[in-house]
Amino acid sequence: MSASFAKTIAIVGRPNVGKSRLFNALVKKRVAIVHDKPGVTRDPNIAELVAGLLLVDTGGWGLGQIKGQEKEAVLAAAVEEQVELAVEAAEKILFVVDGRTGVSALDHQVARNLRAHKDKVTLIINKIDEAETAFDEGEFLRLGFASWQVISAEHDRGIEGLRNTLLKLAPKVEKKPEEKKVPAVAILGRPNVGKSSLTNALLKKNKVIVSDISGTTRDPVSVDLEFVGRKETYRFKLVDTAGLRHRTKVGSSVEVFSQMRTREVLQKADVAVLVIDALEGVTSQDKLLAGEIQKTGKPLVVVVNKWDLAAARFVGEETIEGYQTLQEFEMACRESVESALFFTTGAPMVFLSAKESLNLEALLKEVKKIEAQQDKIFPTPEVNKLLSKLFWKNVPRNVSGKMFKVYYATQTGTRPYYFRLFCNQAVGVGDDFKRYLSKGFAEHFNCGGVPFFFHFVSKPRREKTEVKPDLYSNKGKRAKVGPKASERATYSPKKIK
Ligand code: GDP
């Protein structure tokens, strides 16, 4: 069991009913209690009541994009957008009305839009400043919400009680059972890059336990690896070593790159290691593989193998043309791999020699690190801050005549990371922009190589359930975030020879 994702409470209602007053009143209590707790972030419209419980004021949602219409129409449209997105985003909705002015047409509209979700709605009758303040209770109750509360956000009436009720929604802090699951690693790459050599090098001096015998062949399908490093012992399961051996034995005609096979292997893996040849650089086939890995949502570590051959070139007089030192060549390799695999989130790279068993531990270190990173749950306020920062740096193109705006985002998944972004329009958000966000997230949260998936939710689509990218379908389509055929192999062998 992993930790829980944050839950959201959304405050909705027409303008001037006191939404932001209520937000501040509820948040102030929280601030008073956890005043000096570090890391408690507060935005104008998002705040954490307690760990994992977010309060969101939807007041600004939907406003400011509709031009040339009557004020009323603008408000009605904005309020509708607020309510629809709030229903999507939140576990609990506080529907605020003004107890003194009575029920308005807009209140009725909000109520209508909320009716189908009334189980998660609490009607908040605000501005009842004193116990004696008279108001028409029946009029409000006829809106049809069984859960309701009378408060005064400004005079702090009923806030404490409301807050305590809300706190009950906080996700329970689950104690992670100390499961000792051994992570599965798939070593992938095109023929002759050294996959078998790497597998054997890893297994060589180490204890090999055959963990899974396939019924039809004597080859192990996966093997347990126990690698005693300098400071620690690494334990992994290497998947599909049978496939590796088989392909090597039979020869190149069988070693045709197979999408199906790769996907099957990736499904079993927690981390994908893509092996490339140091002197050949990233070829189009390597890119296809990296694209497959990205699509299946598995984290990627790139191995630049046969580094001994590169190193040997810098020993004598004659070096690799265009490079003075091995370090210089390494930098160039790094840059070209990064640009060739531009669609990943900056996978860690390990330069090694399978043949000479050099730098193997560095690979296992990266694999271990990236494996653990997949379970991270990021604080929602930080996610939202980061998003607005990324948006300011690179304002996305105005896709359908409207300024693109994200109101609120929450994480909804790990392994791989999923985020839902509630925005004014979801259609037309390009892969380029998603890649830009992925990279920004990976950099900020220090988890390059782990893919991020963003699901944009906007009002017109009226999506009630999350549509996750179909990770393992094989409809013969090219990966959306995949390599382009036009991308050339990077550092050219010509330079090297
Ligand atoms: P696979 O098809 O990816 O499994 O590749 P193999 O492991 O069978 O290796 C293909 C060829 O590359 C073999 O001749 C290996 O000896 C050679 N090779 C693999 N790794 C290295 C390395 O690190 N350095 C050198 N110099 N040769 C390597």
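That block above? That's the structure.
Everything numeric here is computed off the predicted structure, so don't read it as measured data.

What follows is about helix H6 (residues 195-204). Most of H6 sits inside the fold, with seven of its 10 residues counted as buried. Listed as buried for H6 are Lys195, Ser196, Leu198, Thr199, Ala201, Leu202 and Leu203.

The next thing to look at is the pairing of strand E14 (residues 406-413). Each regular strand displays side chains that alternate between the two surfaces of the sheet. Where burial is concerned, most of E14 is hidden: six out of the eight residues are buried. Note that E14 and strand E15 (residues 417-423) share six bridges and pair antiparallel. The partner of glutamine 411 across the bridge, within E15, is phenylalanine 419.

Turning our eyes to something else, we now look at the sheet that holds strand E1 (residues 7-12). Strand order in the open sheet formed by six strands is E2-E3-E1-E4-E5-E6, with mixed pairing between adjacent strands. Unpaired on one side and paired on the other, strand E2 (46-50) and strand E6 (148-150) mark the two borders of the sheet. Between one strand axis and the next, the sheet turns by 25° as a mean value, whatever way the strands run. Of the strand pairs in this sheet, E1 and strand E3 (residues 53-57) are connected by five bridges, and their pairing is parallel. Paired with lysine 7 across the strands is leucine 53, a residue of E3.

Across the interface, helix H13 (residues 380-393) lies against helix H14 (residues 431-444) with an axial gap of 11 Å and an inter-helix angle of 130°. As the angle between them shows, H13 and H14 are arranged oblique. Here H13 and H14 pass one another in a crossing that is right-handed. Residues Glu382, Val383, Leu386, Leu387, Leu390, Phe391 and Lys393 of H13 form the contact with H14, whose own contacting residues are Phe433, Tyr436, Leu437, Gly440, Phe441 and His444. Here the residues of the contact of H13 with H14 sort into nine nonpolar, two polar and two charged.

Residues Leu198 and Phe441 are the most contacted members of the largest nonpolar core, which totals 50 residues. In contact with phenylalanine 441, other than residues within four places in its own chain, are Val383, Leu386, Leu387, Leu390, Phe419, Asn446, Phe452 and Phe454. Core analysis: the second largest hydrophobic core is formed by 36 residues, Phe314, Cys333, Met349 and Phe351 among them.

With that out of the way, let us pick up the packing of aromatic side chains. Each pair of aromatic rings is reported with the distance of its centres and the angle of its planes. This structure, assessed with the given rule, holds 25 aromatic pairs. Summarising the aromatic geometry, the rings of tryptophan 307 and phenylalanine 329 are spaced 5.6 Å apart at their centres and angled 10° between planes, so their arrangement reads as stacked. On the criterion of sequence distance, the pair formed by tryptophan 307 in helix H10 (residues 307-313) and phenylalanine 329 in helix H11 (residues 326-340) is long-range, its members being 22 residues apart. Take tryptophan 307: its relative accessible area is 9%, and that puts it in the buried class. Seen from their ring centres, phenylalanine 419 and phenylalanine 441 are 5.1 Å apart, and the 65° between their planes marks the pair as edge-to-face. Of the two residues, phenylalanine 419 is situated in strand E15 and phenylalanine 441 in helix H14; the sequence distance between them amounts to 22 residues. In this pair, the class of phenylalanine 419 matches that of phenylalanine 441, namely buried. A network of ring pairs unites the aromatic residues Phe378, Tyr417, Phe419, Phe441, Phe445, Phe452 and Phe454 as a single cluster.

Cis peptide bonds are those with omega within 30 degrees of zero, and the linkage from arginine 415 to proline 416 qualifies with -5°. Tracing the backbone shows proline 416 in the loop between E14 and E15. At asparagine 16, a position not held by glycine, the phi torsion is positive, near 70°. One can find asparagine 16 in the loop between E1 and helix H1 (19-33). The class of asparagine 16 is exposed, set by a relative accessible area of 65%.

So, on to the site of the ligand. Taken together, 17 residues form the shell around the ligand, and within it Asn192, Lys195, Ser196, Ser197 and Asp308 come nearest. Between an oxygen atom of the ligand and a main-chain N or O atom of alanine 354, the distance comes to 2.9 Å. About the coverage of the ligand: the protein hides 79% of its 580 Å² of free accessible area. In terms of residues, the shell around the ligand owes the most to one element, H6, which gives three residues. Among the residues making up the shell around the ligand, the classes are represented as four nonpolar, seven polar and six charged.

Following the criterion strictly, the structure yields 19 salt bridges and no others. The residue arginine 14 makes a salt bridge to aspartate 107 at a minimum N-O spacing of 3.0 Å. Of this pair, arginine 14 sits in the loop between E1 and H1 while aspartate 107 sits in helix H3 (residues 105-114); the two residues are 93 residues apart in sequence, bridging distant segments of the chain. Each member of the pair arginine 14 and aspartate 107 is classed as buried.

On to the side chain of threonine 58, then. Relative to the elements of secondary structure, threonine 58 occurs in the loop between E3 and helix H2 (71-89). Given the relative accessible area of 0%, threonine 58 is considered buried. Apart from residues no more than four positions distant in its own chain, threonine 58 is found in contact with Ala10, Ile11, Val12, Gln82 and Ala86.

Packing of H2 against H3 leaves a shortest axis separation of 10 Å and a crossing angle of 30°. As summarised for this structure, H2 and H3 are arranged roughly parallel, according to the angle between their axes. Both H2 and H3 take part in a crossing whose hand is right-handed. Listed contacts from H3 to Leu75, Ala76, Val79, Glu80, Val83 and Val87 of H2 are Leu106, Gln109, Val110, Asn113 and Leu114. When grouped by side-chain class, the residues that make up the contact of H2 with H3 number eight nonpolar, two polar and one charged.

The rules behind each value
Residue numbers restart at each chain and count upward from 1, following the sequence in its written direction. Given that this is a predicted model, residues contribute local features only at a pLDDT of at least 70 and side-chain atom pairs are listed and counted only at 80 or more, while totals for whole chains, interfaces and linings are drawn from all residues. Excluding hydrogens and water, the side-chain figures rest on all heavy atoms present in the structure. Here the term buried applies to any residue with accessible area under 20% of the maximum for its type, exposed to any over 50%, and partly exposed to those in between, with areas from a 1.4 Å probe on protein chains only. Helix and strand definitions here come from DSSP, where helices need a minimum of 4 consecutive H or I residues and strands a minimum of 2 consecutive E residues; each element is numbered from the N-terminal end. At least two DSSP bridges between two strands are required for those strands to pair. The axes used here are C-alpha line fits, helices contributing only the stretch in contact, and every angle between their N-to-C directions lies in the interval 0 to 180 degrees. Relative orientations are named as follows: roughly parallel for angles under 35 degrees, roughly antiparallel for angles over 145 degrees, roughly perpendicular for angles from 65 to 115 degrees, and oblique for any other angle. Should the near helix be turned counterclockwise from the far one by less than a right angle, the crossing is left-handed, whereas a clockwise turn marks it as right-handed. Whether two residues touch is decided by their heavy atoms; if any such pair falls within 4.5 Å, the residues are in contact. Only Asp, Glu, Lys and Arg are considered charged, only Ala, Val, Leu, Ile, Met, Phe, Trp, Tyr, Cys and Pro nonpolar, and every remaining residue, Gly among them, polar. The set of buried Ala, Val, Leu, Ile, Met, Phe, Trp, Tyr and Cys residues whose side-chain atoms join them within 4.5 Å is what this entry labels a nonpolar core. Note on aromatic contacts: the rings of Phe and Tyr and the six-membered ring of Trp form a pair at centre separations within 6.5 Å, being stacked when their planes are under 30 degrees apart, edge-to-face when over 60 apart, and tilted otherwise. Any residue with a heavy atom positioned within 4 Å of a molecule or strand is treated as near that molecule or strand. Whenever a nitrogen or oxygen atom comes within 3.5 Å of another N or O atom, the pair is scored as a polar contact, on the condition that within protein one atom can donate a hydrogen and the other can accept it, and that pairs from neighbouring residues in sequence are kept only if both atoms are in side chains. Accessible areas in this description were obtained via Shrake-Rupley with a 1.4 Å probe; residue shielding takes into account the shown protein chains only. By salt bridge we mean one thing: a side-chain nitrogen of Lys or Arg within 4 Å of a carboxyl oxygen of Asp or Glu.

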